[in-house]
Amino acid sequence: MSETPFPIAIGADHAGLPLKLVLQQALAEAGHPLLDCGTNATASVDYPDFAHAVCAAVLDGRASFGVLVCGTGIGMSIAATRHAGIRAAVLHSTTEARLTRAHNDANVAAFGARLVGPEVALDALRAFLDTAFEGGRHARRLAKLAPNAIPANG
Ligand code: RB5
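Cut-off values and rules
Residues numbered from 1 in each chain as written. Predicted model: local features only at pLDDT ≥ 70, side-chain atom pairs only at ≥ 80, totals over all residues. Heavy atoms only, no water. Core = buried A, V, L, I, M, F, W, Y, C linked by side-chain atoms within 4.5 Å. Buried < 20%, exposed > 50% of the residue type's maximum accessible area, 1.4 Å probe, protein only. Helix = DSSP H or I, 4+ residues; strand = E, 2+ residues; numbered from the N terminus. Near = heavy atom within 4 Å. Polar contact = N/O pair within 3.5 Å; in protein donor to acceptor, adjacent residues only side chain to side chain. Areas by Shrake-Rupley, 256 points an atom, 1.4 Å probe, with all protein chains shown as cover. Nonpolar A, V, L, I, M, F, W, Y, C, P; charged D, E, K, R; others polar. Axes fitted to C-alpha atoms, helices over the stretch in contact; angles between N-to-C directions. Parallel < 35°, antiparallel > 145°, perpendicular 65-115°, else oblique. Left-handed = near helix turned anticlockwise from the far one by under 90°. Contact = heavy atoms within 4.5 Å. 1 Å grid on protein atoms, 1.4 Å probe; cavity = no way out; pocket = protein on both sides within 12 Å on 5 of 7 lines; lining within 4 Å. Points joined across faces, edges and corners; volume = space filled by probe spheres on them.

A. Quick look at the nonpolar core. With 25 residues, the main nonpolar core has Leu23, Leu91, Phe111, Phe128 and Leu129 as its most contacted residues. Elements that contribute at least two residues to this core include exactly strand S1 (8–12), helix H1 (17–29), strand S3 (65–70), strand S5 (108–112) and helix H5 (118–130).

Spelled out as structure tokens, the structure:
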């Protein structure tokens with residue numbers, strides 16, 4: 001895991017809870033201060049509630065990055081990308097993790113606990129946290145994702 005102990009916000013729904021616990025433990029062992037946004041129970045809950053809490057922490061600076069886990073990672077990533085300034089990616093591999101940091105400056109990593117095992121998710125999360133944004137031509141492209149840069153329909 002990364003050498004730098006930056007703060008990380010983590011959240012999951014009931015389907016993501018088992019993988020959240022694995023990731024949370026690894027992040028804590030690596031020395032990252034953790035903002036635990038829940039859930040921590042097996043009762044059925046709604047994934048957007050946890051995505052919104054994690055994204056708020058990233059956007060207001062309490063966390064440098066966010067980690068979200070649901071059954072597929074898809075619902076969490078959709079919810080997260082509703083927030084201007086959040087760039088969330090669903091990760092199934094270290095390659096995706098590295099490239100979404102290097103090219104997209106992703107600030108939220110989403111995982112599907114029903115689709116990726118803990119080892120794959122941990123490796124991807126390590127790659128995500130250890131990779132810097134490359135800037136340059138990628139910064140120009142990110143500027144085109146700002147709300148005021150999106151062309152009106154039609
Ligand atoms: C919960 O059953 C499931 O729908 C949720 O965890 C997630 O996969 C949604 O995208």
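B. Geometry of the site of the ligand. Asp13, His14, Ala15, Tyr47, Cys70, Gly71, Thr72, Gly75 and Arg114 make up every residue found near the ligand. A distance of 3.0 Å separates an oxygen atom of the ligand from a polar backbone atom of Thr72. Look at the ligand: alone it shows 290 Å² of surface, and the protein chains cover 71% of it. Residues of the shell around the ligand, tallied by class, amount to 3 nonpolar, 4 polar and 2 charged.

C. How the structure looks around the packing of helix H4 (residues 94–104) against H5. The contact between H4 and H5 brings their axes to 8 Å, and the two run at 20°. Taken together, the axes of H4 and H5 are roughly parallel relative to one another. Taken as a pair, H4 and H5 cross one another with a handedness that is right-handed. For the pair formed by H4 and H5, the contact residues are Thr94, Ala97, Arg98, Thr100 and Arg101 on the first element and Asp123, Ala124, Ala127 and Phe128 on the second. Along the lines of polarity and charge, the residues of the contact of H4 with H5 split into 4 nonpolar, 2 polar and 3 charged.

D. Geometry of the layout of surface pockets. By volume, the largest pocket amounts to about 280 Å³. Lining the largest pocket are 16 residues; nearest its centre among them are His83, Gly85, Ile86, Arg87 and Leu145. Listed by contribution, the elements that provide at least two residues to the lining of the largest pocket are strand S4 (88–90) and H4. Residue composition of the lining of the largest pocket, grouped by class: 10 nonpolar, 5 polar and 1 charged.

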